[in-house]
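Chain by chain, the residues run as shown.
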Amino acid sequence: MKGTINILQYSGIPVRLHWSFGLIFLWVFYVGQHWNMGIEGMLWIGSLVIALFLCVILHEFGHALTAKHFGVKTKDIILSPIGGVARLESLPQKPIQEFYIAAAGPLVNLGIAVALYPIILIVSPSHWTLSTLLKLGPEANPALIFIPSLIVLNLGLALFNLVPAFPLDGGRIFRALLSIRMGKFRATKTATIVGQGFAILLALVGLYLGNFFTIAISLFLYFSARQEMQYVQVQKILTSFTVKDIYRSHFKKIYAQDPMQLAITESQKGVERSFLVFNLADEIIGVLHEEFVLEAIKEKAPERLTIDYLSPKFEYIDPADSLKTILEKMQKEGYSILPIRSEGKLLGVLDRNGLYNFIELQRKIR
Ligand SMILES: [Zn+2]
């Protein structure tokens, strides 16, 4: 992801820090100045922020490692000032698996809170009350309230994440439970509406308090909920249709010895952008991706032969393949066009633009 740096890696999952994370330390400095804390106070607040984000990382690993247990890979974990996100490569198949994956995060924070509790009993049993914590001002001794603050923050993290509003963990738990009864699509729709309602409420609270941080979180929640809805929508389209529903049986045949001009002229008509390339025995020997045609235009080399540009990498697909399989193949292998074959006969082609247009169209008519 853009604007991030790798800070660590565990179990094959990289943790990346977003540049805006640096803003937190500006905030610490601002608060420190505001409260006349001095360098020592600021260092304590800074270490508390770092400790809190370590807990956020553990929370995300709670999700990621549980997902791994169910065979779902995690692309990475991204940390920004408003929290962390474990980006799973796909959704787990069974609702109960999503339930466990979602619940694992808040459980980690509850676990941390419980594990830290004995420390304050040993170190400062009499000093800690909730009111000392809430008065985290210049008069509080930061060293004394470091662990209690961390406990309260972890409890807060667990509780906030359990709010049943998508895309918070509570919303995912809510969706998983709904999915068992109404299927993933309708469950996501319901959870998204509840989530966006919560985000709007939170934004109003933020505006009322004049708290920028709350407003930022509400915006993040609102758009993440929408994004998840779109993702589930696209997944549904992709699994409901197969190659035979959308392939083209008419397509321009380009031969290896043809000049690039042929593909250029064809692509300028606007329908076909990528092409299959044949030899004189009418066998496919490669493909001409859209990028290669553009390259030939830029190089002003329309007379050069197609064979100089083609990529020999391609594979045949079956009319019964689901669009989900095809899209994954295109994204993973970088294919922009695929030939369709059934019982040894070439039936037609499916290209990237055709697939994207089809998804767009289906989304509009739903
Ligand atoms: Zn979480």
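None of the values given here were measured: they were computed from a predicted structure. (Residues numbered from 1 in each chain as written. Predicted model: local features only at pLDDT ≥ 70, side-chain atom pairs only at ≥ 80, totals over all residues. Heavy atoms only, no water.)

K.L.:
Whenever I open this one, the overall build of the protein confuses me. Can you help?
P.N.:
Looking only at helices and strands, the protein has 12 helices and 9 strands in total. The C-alpha radius of gyration of the protein comes to 27 Å, more than 25% above the 21 Å expected for a compact globule of 366 residues. Overall, the C-alpha framework of the protein stretches about 90 × 50 × 40 Å when taken along its three principal axes. Expressed as a percentage of its 366 residues, the buried residues of the protein come to 44%. Within the protein, contacts between residues at least 6 apart in sequence are counted, and of these 61% link residues at least 24 apart. Element-wise, carbon and sulfur atoms account for 63% of the exposed surface of the protein, whose accessible area totals about 20,100 Å². (Helix = DSSP H or I, 4+ residues; strand = E, 2+ residues; numbered from the N terminus. Rg over C-alpha atoms; globule rule 2.2 N^0.38 Å. Buried < 20%, exposed > 50% of the residue type's maximum accessible area, 1.4 Å probe, protein only. Contact = heavy atoms within 4.5 Å. Areas by Shrake-Rupley, 256 points an atom, 1.4 Å probe, with all protein chains shown as cover.)

K.L.:
Please clarify how the coordination of the zinc ion should be interpreted in this entry.
P.N.:
Ideal donor angles around a metal are set by the shape: a four-donor tetrahedron calls for 109.5 degrees, a six-donor octahedron for 90 or 180 degrees. For the zinc ion, the protein coordination sphere consists of His59 (NE2), His63 (NE2), Asp169 (OD) and Asp169 (OD), at 2.0 to 2.6 Å. Note that the zinc ion binds 4 donor atoms; their angles at the metal cover 55 to 149°, and the shape is irregular. Sequence positions of the residues that donate to the zinc ion give the spacing H-x3-H-x105-D. Here His63 and His59 lie together in helix H2 (residues 38–69), a separation of 4 residues that amounts to about one turn. For the pair His59 and His63, a shared accessibility class is recorded, and that class is buried. (Donors = N, O, S within 2.8 Å, 3.2 Å for Na, K, Ca; no water. Tetrahedral: all angles 85-135°; square planar, octahedral: opposite > 155°, others 65-115°.)

K.L.:
Honestly, unusual backbone geometry in this entry has me stumped. Any pointers?
P.N.:
Keep in mind that most residues, glycine aside, have a negative phi and that most peptide bonds are trans. In this model, Ser11 sits at a positive phi of 55°, which is unusual for a non-glycine residue. If you trace the backbone, Ser11 turns up in the loop between strand S1 (4–10) and strand S2 (13–18). Despite not being glycine, Lys300 has its phi angle at roughly 50°, a positive value. On the secondary structure map, Lys300 appears in the loop between helix H10 (290–298) and helix H11 (323–333). Overall, the relative accessible area of 68% leaves Lys300 in the exposed class.

K.L.:
Even after reading the chapter, I still don't get the packing of helix H6 (residues 169–209) against helix H7 (residues 212–240), so can you show me in this structure?
P.N.:
The relative placement of two packed helices comes down to the angle between their axes together with the axis-to-axis distance. Here H6 crosses H7 at 155°, and the two axes come no closer than 8 Å. When the interaxial angle is binned, H6 and H7 end up roughly antiparallel. Between H6 and H7 lies a crossing of left-handed hand. (Axes fitted to C-alpha atoms, helices over the stretch in contact; angles between N-to-C directions. Parallel < 35°, antiparallel > 145°, perpendicular 65-115°, else oblique. Left-handed = near helix turned anticlockwise from the far one by under 90°.)

K.L.:
Sorry, what's going on with the sheet that holds S1 here?
P.N.:
The strands that make up a sheet are held in pairs by hydrogen bonds between backbone atoms, and each pair lies either parallel or antiparallel. Pairing within the open sheet is mixed, and its 4 strands lie in the order S1-S2-S3-S4. Taken across any chain shown, the strands that pair with only one partner, and hence form the sheet edges, are S1 and strand S4 (83–88). Neighbour-to-neighbour, the strand axes of the sheet open up by a mean angle of 25°, direction not taken into account. In terms of strand pairing, S2 meets strand S3 (residues 74–80) through 3 bridges, oriented parallel. By the bridge assignment, Val15 is partnered in S3 with Ile77. Docked against the sheet, H2 engages S1, S2, S3 and S4, running at close to 160° with respect to S3. (Pairing = 2+ DSSP bridges.)

K.L.:
Which parts of the structure should I look at to understand the packing of aromatic side chains?
P.N.:
Any two aromatic rings considered together are summarised by their centre-to-centre distance and by the angle between their planes. For the structure on display, the rule yields 10 aromatic pairs. Between the aromatic rings of Tyr222 and Phe223, the centroid separation amounts to 5.5 Å while the plane-to-plane angle is 80°, which identifies the pairing as edge-to-face. Take Tyr222: its relative accessible area is 27%, and that puts it in the partly exposed class. Linked through ring pairs, Phe21, Phe25 and Phe53 together constitute an aromatic cluster. The ring of Phe278 carries the charged tip of Lys253 above its face, separated from the ring centre by 4.9 Å. One cation-aromatic arrangement involves Arg341 over Tyr316; the distance from NZ or CZ to the ring centre is 3.6 Å. (Phe/Tyr/Trp six-rings, centres within 6.5 Å; stacked < 30°, edge-to-face > 60°. Lys NZ or Arg CZ within 6 Å of the ring centre and 35° of its normal.)

K.L.:
Help me out: how do you make sense of the domain arrangement of the protein in this one?
P.N.:
Once the domains are mapped, the protein shows domain 1 (1–162), domain 2 (163–240) and domain 3 (244–365). On a C-alpha basis, the centroid separation for the pair domain 2 and domain 3 is 38 Å. In this assembly, 7 residues from domain 2 lie in contact with 8 residues from domain 3. Together domain 2 and domain 3 conceal approximately 740 Å² of surface at their shared face, both sides included; 70% is due to carbon and sulfur atoms. (Domains from an automatic or database assignment. Buried area = accessible area lost by both parts, 1.4 Å probe.)

K.L.:
Is there a simple way to think about the environment of Glu89 in this case?
P.N.:
Examined against the element boundaries, Glu89 turns out to sit in the loop between S4 and helix H3 (95–123). Residue class for Glu89 comes out partly exposed when judged on its relative accessible area of 47%. Considered as a pair, Glu89 and Ala281 are 192 residues apart in the sequence and their alpha carbons are 42 Å apart. If sequence neighbours within four positions are ignored, Glu89 has contacts with Lys73, Thr74, Lys75 and Tyr231.

K.L.:
What am I meant to see in the layout of surface pockets here?
P.N.:
Any empty space left between atoms is shown by rolling a water-sized probe over those atoms. Empty space within the second largest pocket amounts to approximately 730 Å³. Around the second largest pocket, the lining is made up of 24 residues, and of these Ser90, Tyr231, Gln235, Lys324 and Glu328 lie nearest the centre. Ranked by residue count, the leading element in the lining of the second largest pocket is H7, at 7 residues. Grouping the amino acids of the lining of the second largest pocket by side-chain chemistry returns 10 nonpolar, 7 polar and 7 charged. (1 Å grid on protein atoms, 1.4 Å probe; cavity = no way out; pocket = protein on both sides within 12 Å on 5 of 7 lines; lining within 4 Å. Points joined across faces, edges and corners; volume = space filled by probe spheres on them. Nonpolar A, V, L, I, M, F, W, Y, C, P; charged D, E, K, R; others polar.)

K.L.:
Sorry if this is basic, but what is going on with a nonpolar patch on the surface here?
P.N.:
Together, Ile5, Ile7, Leu8, Tyr10 and Leu65 make up a nonpolar patch on the protein surface, roughly 460 Å² of accessible area in all. Residue contributions to the nonpolar patch peak at 4 residues, all from S1. Relative to the helices and strands, Leu65 is located in helix H2. (Patch = residues over 30% accessible without salt bridge, like charges linked within 9 Å, V, L, I, M, F, W, Y side chains within 5 Å. Salt bridge = Lys/Arg side-chain N within 4 Å of Asp/Glu carboxyl O.)

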